[in-house]
Amino acid sequence: MDRASFSEVLHFIDGERIASVDGSVIGNIEPATGEALGTIAAGGQAEVDLAVAAATNALPDWASSSADTRGQLLERLAAAIEDRLDDFATAECIDNGKPITAARQIDIPRAAANLRFFAGAARYQQDECYRTRLPDDDLWNVSLRKPIGVAGCISPWNLPLYLFTWKIAPALAAGCTVVAKPSEVTPVTADLLAKAAQDVGLPAGVLNIVQGAGAAAGAAIVSHPGIAAISFTGGTETGASIASVAAPSFKKTLLELGGKNPTIVFADADIDQALEGAARAAYSNQGQICLSGSRILVESSIVDSFTERLVERVSSMAIGDPLEETTEVGALVSSEHLQKVENSLQVARDEGGTILCGGERCAPAGRCSGGFFLSPAVVIGLDSGARTNQEEIFGPVATIIPFDDESSAIEIANDVRYGLAASVWTGSVDRALRVSERIEAGTVWVNCWMKRDLRTVFGGVKESGLGREGGAESLSFFQEPTNVCIRFDSKGPDSTDE
Ligand code: NDP
């Protein structure tokens, strides 16, 4: 991949890739090296105003086009990503620091799958219709679904194109035009998507991308009166601030926020599978996944042997240049984030926790010697109430917490302000169902982790979010239903009833 394509990330407004109105830019750093990749156009109110104007202009034609027309364009966009899968994957790897294998096998294929899925989902969306027979009336109630208008989509840096498309695909499929913002930390693949949108002939103004910082470009999107709905994925504090700005104007919001997810391992589980599952859940993407299983709850009877084996497994993970095929653990996304994770490890020590392995800076020699690498850490010795077990660290740090029985496992699992996801490892179907029902989370995986069917609901309870995405839920968020109640003469002119 030609690194020149990273050197200047631009906005995509009204079908054109453009610089900021006043020419302002911010820098983009490669996490694996700490070196400059190039500049990003830094958007704010002026660029968001332009983007909203373009989206508003494009809305009537896009909203009134058929689901099939919109679906075909989304499928072409998906194909454009698949045709350049290696370029997109390399760009994501370089921009984010994640291993190339993850970008190639997960992030980019799932980004294309999001576009393809919603291209189809909009075609097959069912409208509701109820016949209502009353003593004196016969009625048909038909629910019309109208695109809500211009949609604002804001996504984070951890799964950049994957989560960006998870938001824009249903919005576009539902007939909305979009003003979207990727994270300033990982802007590159959204810019590549803008180029692909030009190549496949997406009409100007249908998809607009404003690059730049959350406090400037993101805040301008949230507060803009021309934007009808905000779909946001990011941190809980940012979500709360967005909700407080959107609520007074009754702007519809969908919030996918943080997590402190439990992996619960019962002694009757297939321990080999549970161990591998727990390791993947905790350390994939350097632990920077909202669904990461950062609290590993293990039944007391097996906790010592499980801990020993987990430490062995984690210590053998291949840390290296994200561009190398053999790398399992890449770089954290930024030097600020590395510092934040290190601070959390210091909190763990101060609270009396023991770090059994990892938690050390470990940039590989050579090209990556200035990169933001941290070896995966396993922490023990802390109660459920400790800050380390309560706060989202969003890095390669997992704690092990022993439990005595099913009830105490559930109690510990629910003892956090978050409720995004959980995974339960057990050989008993009865136990799996009992525990799944009592866990406060939007998603529970049993004997697996992070398996997704895009038709299923996705979201969090408690402080992990508001609303649900996935399948029909994603589409209906971007639609405004209207019930049309039609009274009709079911008896006809010859009826003798009175
Ligand atoms: P942030 O909340 O910091 O940022 C998310 C997005 O919001 C970014 O594009 C950011 O821009 C933007 N933003 C920041 N401030 C504002 C603002 N005031 N108004 C509007 N937009 C703003 O989260 P991170 O990017 O750090 O992502 C990590 C967090 O995301 C974690 O808490 C993680 O759990 C959560 N997450 C949740 C998921 C879920 O599905 N529930 C999935 C993935 C992550 P910029 O980066 O440019 O500042």
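Refer to the structure above for everything that follows.
The structure reproduced in this document is the subject of the present report. (Residues numbered from 1 in each chain as written. Predicted model: local features only at pLDDT ≥ 70, side-chain atom pairs only at ≥ 80, totals over all residues. Heavy atoms only, no water.)

1. Remarks on the overall build of the protein
Then, number 1: Secondary structure summary: the protein contains 15 helices and 23 strands in total.
Then, number 2: Over its C-alpha trace the protein gives a radius of gyration of 24 Å, about what one expects of a compact globule, namely 23 Å for 498 residues.
Then, number 3: Considered along the principal axes of its C-alpha atoms, the protein spans approximately 85 × 60 × 40 Å.
Then, number 4: In the protein, which comprises 498 residues, the share counted as buried stands at 56%.
Then, number 5: Expressed as a percentage of contacts within the protein between residues at least 6 apart in sequence, the contacts between residues at least 24 apart total 74%.
Then, number 6: On the protein, roughly 19800 Å² of surface is accessible, and the fraction owed to carbon and sulfur atoms is 51%.
Then, number 7: On the protein, the mean spot of the 40 positive side-chain charges and the mean spot of the 66 negative ones are 2 Å from each other. (Helix = DSSP H or I, 4+ residues; strand = E, 2+ residues; numbered from the N terminus. Rg over C-alpha atoms; globule rule 2.2 N^0.38 Å. Buried < 20%, exposed > 50% of the residue type's maximum accessible area, 1.4 Å probe, protein only. Contact = heavy atoms within 4.5 Å. Areas by Shrake-Rupley, 256 points an atom, 1.4 Å probe, with all protein chains shown as cover. Lys, Arg positive; Asp, Glu negative; His and termini not counted. Charge placed at Lys NZ, Arg CZ, Asp CG, Glu CD.)

2. Regarding the sheet that holds strand β4 (residues 25-30)
Then, number 1: If you trace the three strands from one edge of the open sheet to the other, you get β1-β5-β4, paired in mixed fashion. A single partner strand is all that each edge strand has here, and the edge strands are β1 (8-9) and β4.
Then, number 2: Here β4 runs beside strand β5 (residues 35-41); their pairing, made up of six bridges, is antiparallel. Bridged to E30 within β5 is E35. (Pairing = 2+ DSSP bridges.)

3. Topic: the site of the ligand
Then, number 1: Taken together, 30 residues lie around the ligand, and S155, T238, L257, C290 and E392 are the ones closest in.
Then, number 2: Here an oxygen atom of the ligand and a side-chain polar atom of K181 are 2.9 Å apart.
Then, number 3: Within the backbone of G212, an N or O atom sits 3.4 Å from an oxygen atom of the ligand.
Then, number 4: Alone, the ligand offers 900 Å² of accessible surface; in the complex the protein occludes 86% of this. (Near = heavy atom within 4 Å. Polar contact = N/O pair within 3.5 Å; in protein donor to acceptor, adjacent residues only side chain to side chain.)

4. Let's talk about the pattern of salt bridges
Then, number 1: According to the stated counting rule, one finds 27 salt bridges in the structure shown.
Then, number 2: Among the ionic pairs, R104 bridges to E325, the shortest N-O distance being 3.0 Å. In this pair, R104 sits in helix α4 (residues 100-124) while E325 sits in the loop between α10 (303-315) and α11 (335-350), placing the two residues 221 residues apart along the sequence.
Then, number 3: In this structure, the salt-bridge partner of E391 is R387, at a minimum N-O distance of 2.9 Å.
Then, number 4: In this structure E391 comes out as partly exposed when scored by relative accessible area, which is 37%.
Then, number 5: Where salt bridges share partners, they join D268, E406, R431 and R434 into one cluster. (Salt bridge = Lys/Arg side-chain N within 4 Å of Asp/Glu carboxyl O.)

5. So, the sheet that holds strand β7 (residues 138-147)
Then, number 1: If you walk across this open sheet you meet the three strands as β6-β7-β23, and the pairing is antiparallel. Only two strands of the sheet have a single neighbouring strand rather than two, namely β6 (129-133) and β23 (479-487). Here the average twist between neighbouring strands, direction ignored, is 20°.
Then, number 2: Bridging between β7 and β23 involves nine bridges; their strand directions are antiparallel. (Axes fitted to C-alpha atoms, helices over the stretch in contact; angles between N-to-C directions.)

6. A closer look at the packing of aromatic side chains
Then, number 1: Per the stated rule, a full pass over the model turns up five aromatic pairs.
Then, number 2: Relative to F403, the ring of F266 lies with its centre 5.2 Å away and its plane at 75°, an arrangement referred to as edge-to-face. Of this pair, F266 sits in the loop between β13 (262-265) and α9 (271-283) while F403 sits in strand β17 (residues 397-403); the two residues are 137 residues apart in sequence, bridging distant segments of the chain. The same class applies to F266 as to F403, namely buried.
Then, number 3: An aromatic cluster of at least three residues, connected via ring pairs, comprises F117, F118 and W166. (Phe/Tyr/Trp six-rings, centres within 6.5 Å; stacked < 30°, edge-to-face > 60°.)

7. Observations concerning the pairing of β7
Then, number 1: In this structure, β6 lies alongside β7, joined through five bridges in antiparallel fashion. Counterpart to Y130 in the pairing with β7 is N141.
Then, number 2: With antiparallel pairing between neighbouring strands as the criterion, β6 and β7 make up a hairpin whose turn holds four residues.

8. Structural notes on α9
Then, number 1: Between the first and last C-alpha of α9 there are 18 Å, a value that for 13 residues agrees with the 18 Å anticipated at 1.5 Å per step.
Then, number 2: Every buried residue of α9 is listed here: A274, L275, G277, A278, A279, A281, A282 and Y283.
Then, number 3: Those residues of α9 hidden inside the fold are in contact with β13, β14 (295-299), α10, β16 (377-380), β17 and β19 (421-425).
Then, number 4: At the N-terminal boundary of α9, the capping side chain belongs to D270, with an oxygen 3.2 Å from the backbone nitrogen of D272.
Then, number 5: Of the residues flanking the end of α9, it is N285, one or two places downstream, whose phi is positive at about 55°. (Expected span 1.5 Å × (residues − 1).)

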